[in-house]
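If you want the building blocks of each chain, they are given just below.
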Amino acid sequence: MRPARALIDLQALRHNYRLARELSGARALAVVKADAYGHGAVRCAQALQDEADGFAVACIEEALQLREAGIRGPILLLEGFFEADELALIERHELWCVVHSLWQLEVIERSALSKPLCVWLKMDSGMHRVGLHPADYKAAYQRLQASGKVAKIVLMSHFARADELDCPRSQEQLAVFQLARQGLVGEVSLRNSPAVLGWPRLFQNQQPSDWVRPGIMLYGATPFEQQQAAAARLLPVMCLESKIISVRELPAGEPVGYVARFVSERPTRVGVVAMGYADGYPRHAPTGTPVAVDGQLTRLIGRVSMDMLTLDLSDLSQAGLGSRVELWGKQVLASDVALQAGSIPYQIFCNLRRVPLLYNGS
Ligand SMILES: *Cc1c(COP(=O)(O)O)cnc(C)c1O
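Residues numbered from 1 in each chain as written. Predicted model: local features only at pLDDT ≥ 70, side-chain atom pairs only at ≥ 80, totals over all residues. Heavy atoms only, no water.

### Some remarks on the pairing of strand 15 (residues 296-301)
Phase 1: As judged from the 4 bridges shared by strand 14 (residues 290-293) and strand 15, these two strands associate in the antiparallel manner. Bridge pairing in strand 15 places V291 opposite T298.
Phase 2: The hairpin turn running from strand 14 into strand 15, its antiparallel successor, is 2 residues long, and D294 in that turn takes a positive phi close to 50 degrees.
Phase 3: Pairing analysis gives 2 bridges linking strand 15 to strand 16 (residues 309-312), with the strands arranged antiparallel. Among the inter-strand pairings, L300 is bridged to a residue of strand 16, identified as L311. (Pairing = 2+ DSSP bridges. Helix = DSSP H or I, 4+ residues; strand = E, 2+ residues; numbered from the N terminus.)

Structure, rendered in C-alpha cells:
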C-alpha cells in the first residue's frame, strides 16, 4: 500500500475548540465547511458533537451530510440558501440560516413555513463581499421580525483583515457594526479565528451568549504570518506523512527532477518521497521548504511532481529507504509550508486529496 496518509488527531481538535471558547468567553460554532478544511467533516463533527454549541457549513449539501451522519444540534448555513426551494429542507432539518441579501429576505417573507426560522442577519460592515448595507440593516431586521417567520435573529458580520495584527480595519468594521445595530436586540456573532486569537481587547463588552465562528484554529493552524502568543497554544490536528521510497547519491552538478529546477552543489544524497501535488502537496513549494525525516528537519529540493517529491538527505545519515517523512504536522507547521509555497494553510488543507484520512482519539 502506498504510504502517503493524513493522520487526524481528534483530541487536538477538541483542545483547539476548547481554546476558542476559553479565549473568546463566548459560544462557538465549529466551522466544518469544505469537509472540515480537508479533515473530514463527519468525523470532526462527531468528535465535537458532545461539547460544541453548534456547527457552521457553507451550504445545505454540507449540512445534510452531517444530519445524515447523525449530527444533531444547530448547524448554520453560512451563506443561507442559494435557491428558494432549499427553505423546505432548512425547515425539515432544523438548520440555521444566514440572510445576507434582500432577495433572501423576500423569499422568507413569501414562504409558507410552519415553524419559525433561526436567522443570522449578516451586515456588510466593510468586507464588501456579502451582507446587507449598514443603512439597510435595521429595516431588514424589522421586516424579518414583522414577517412572523422568524423565531430569533442573531446579529452577524465578518472581518476582512483580522489576520493583520497591526491593521485598524477590524476596529473600523466593529464601529460600523455597532452603530448600525443600535437598538436591535439579539445575540452577536462577529469573530472568525484571527479575531478570536488576535483581538481579545476589541470584544471586552461581548456577552457569554454571543457567538464566535472558529474555523482554521480548530485544525491547529495559525491564520497569522507572524508569531502570535494565543496561536502558539494551538495543537496541529493533521499530520501529513509518507515514506522514502528511493534513495540515490549524486555527485556535484547533477540535476534532480523536472526541468532541472535543482542542481546539486555538492555530493548530495537524495530521498524520494511518495507524495506529490496530486495528493494536495503544493506544487509551488520551493527548494528549501521544511520537511521532517524520522524526526529530523531537512529541506525539499527540486520540483514537486504529481506523485513524488525529493528531499536532501545529505546531513541525515540515519535516514534511508522506509524512513518516515512528515510533510506537515507537529514538527513542520502547515502554515510554514503554505507560506513558502505562496499559499495559506486554509488552502493547502482544502487541497488534500487521494491520501487516506486516518483518525485517532475518536
Ligand atoms: C469560513 C468562515 C469562518 C471561519 O473562518 P476562519 O478564518 O477559518 O476561522 C467564519 N465565518 C464565516 C462567515 C466564514 O465563512
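### Considerations on the domain arrangement of the chain
Phase 1: Structurally, the chain comprises domain 1 (10-219) and domain 2 (238-360).
Phase 2: Between domain 1 and domain 2, the C-alpha centre-to-centre distance is 37 Å.
Phase 3: Taken residue by residue, the interface counts 11 residues in domain 1 and 9 residues in domain 2.
Phase 4: Three residues, Y37, H39 and I216, lead the burial of domain 1 against domain 2; their summed loss comes to 48% of the area buried on that side.
Phase 5: Where domain 1 packs against domain 2, one counts 0 salt bridges.
Phase 6: Put simply, domain 1 and domain 2 have 2 residue pairs in polar contact (both at pLDDT 80 or more) between them.
Phase 7: Counting residues per element, the ones that place at least two in the side of domain 1 that touches domain 2 are helix 1 (10-24) and helix 2 (33-37).
Phase 8: Along the lines of polarity and charge, the residues of the side of domain 1 that touches domain 2 split into 6 nonpolar, 4 polar and 1 charged. (Domains from an automatic or database assignment. Contact = heavy atoms within 4.5 Å. Buried area = accessible area lost by both parts, 1.4 Å probe. Salt bridge = Lys/Arg side-chain N within 4 Å of Asp/Glu carboxyl O. Polar contact = N/O pair within 3.5 Å; in protein donor to acceptor, adjacent residues only side chain to side chain. Nonpolar A, V, L, I, M, F, W, Y, C, P; charged D, E, K, R; others polar.)

### A short note on empty space enclosed by the protein
Phase 1: In this structure the tally under the stated criterion is 1 cavity of 30 Å³ or more.
Phase 2: When its volume is computed, the largest cavity comes out at roughly 40 Å³.
Phase 3: As for the largest cavity, its lining consists of K122, M123, D124, S125, M127, H128, R129, V130, S157 and H158.
Phase 4: Each residue belonging to the lining of the largest cavity can be placed in one class, and the counts come to 3 nonpolar, 4 polar and 3 charged. (1 Å grid on protein atoms, 1.4 Å probe; cavity = no way out; pocket = protein on both sides within 12 Å on 5 of 7 lines; lining within 4 Å. Points joined across faces, edges and corners; volume = space filled by probe spheres on them.)

### Notes on the state of the cysteines
Phase 1: Tallying each qualifying case throughout the model produces 0 disulfides.
Phase 2: There is no disulfide at C118, and the cysteine sulfur nearest it, in C97, is 9.1 Å away. (Disulfide = S-S within 2.5 Å.)

### A short note on the site of the ligand
Phase 1: In the neighbourhood of the ligand, 15 residues make up the surrounding shell, with K33, Y37, S193, I216 and Y346 lying closest.
Phase 2: Here Y37 contributes a side-chain N or O atom positioned 2.6 Å from an oxygen atom of the ligand.
Phase 3: In this structure, an oxygen atom belonging to the ligand sits 2.8 Å away from a main-chain N or O atom of G215.
Phase 4: Look at the ligand: alone it shows 390 Å² of surface, and the protein chains cover 93% of it.
Phase 5: Elements supplying a minimum of two residues to the shell around the ligand: helix 2 and helix 9 (193-198).
Phase 6: Taken together, the residues of the shell around the ligand break down into 8 nonpolar, 4 polar and 3 charged. (Near = heavy atom within 4 Å. Areas by Shrake-Rupley, 256 points an atom, 1.4 Å probe, with all protein chains shown as cover.)

### Examining helix 6 (residues 102-110)
Phase 1: Taken together, the buried positions of helix 6 are Q104, L105, V107 and I108. The arc that holds the buried residues of helix 6, viewed along the axis, is 160 degrees, so those residues lie on one side.
Phase 2: Each element contacted by the buried residues of helix 6 is listed here: helix 5 (86-92), strand 5 (96-99), strand 6 (117-122), helix 7 (134-147) and strand 7 (150-156). (Buried < 20%, exposed > 50% of the residue type's maximum accessible area, 1.4 Å probe, protein only. Arc of directions from axis to C-beta.)

### Re the sheet that holds strand 3 (residues 54-57)
Phase 1: The sheet built from 8 strands closes into a barrel, its strands ordered 2-3-4-5-6-7-8-9 with parallel pairing.
Phase 2: Judged from the 2 bridges that link them, strand 2 (residues 27-31) and strand 9 (residues 211-212) form a sheet pairing that is parallel. What sits directly across from A28, in strand 9, is V212.

### Focus: the pattern of salt bridges
Pairing between side chains of opposite charge can happen when their charged atoms approach one another.
Phase 1: Counted under the stated rule, the structure contains 19 salt bridges.
Phase 2: Across the salt bridge formed by R161 and E164, the nearest N and O atoms sit 2.7 Å from each other.
Phase 3: Since its relative accessible area comes to 35%, R161 is described here as partly exposed.
Phase 4: A network of salt bridges, in which partner residues are shared, links R2, D279, D307 and R354.

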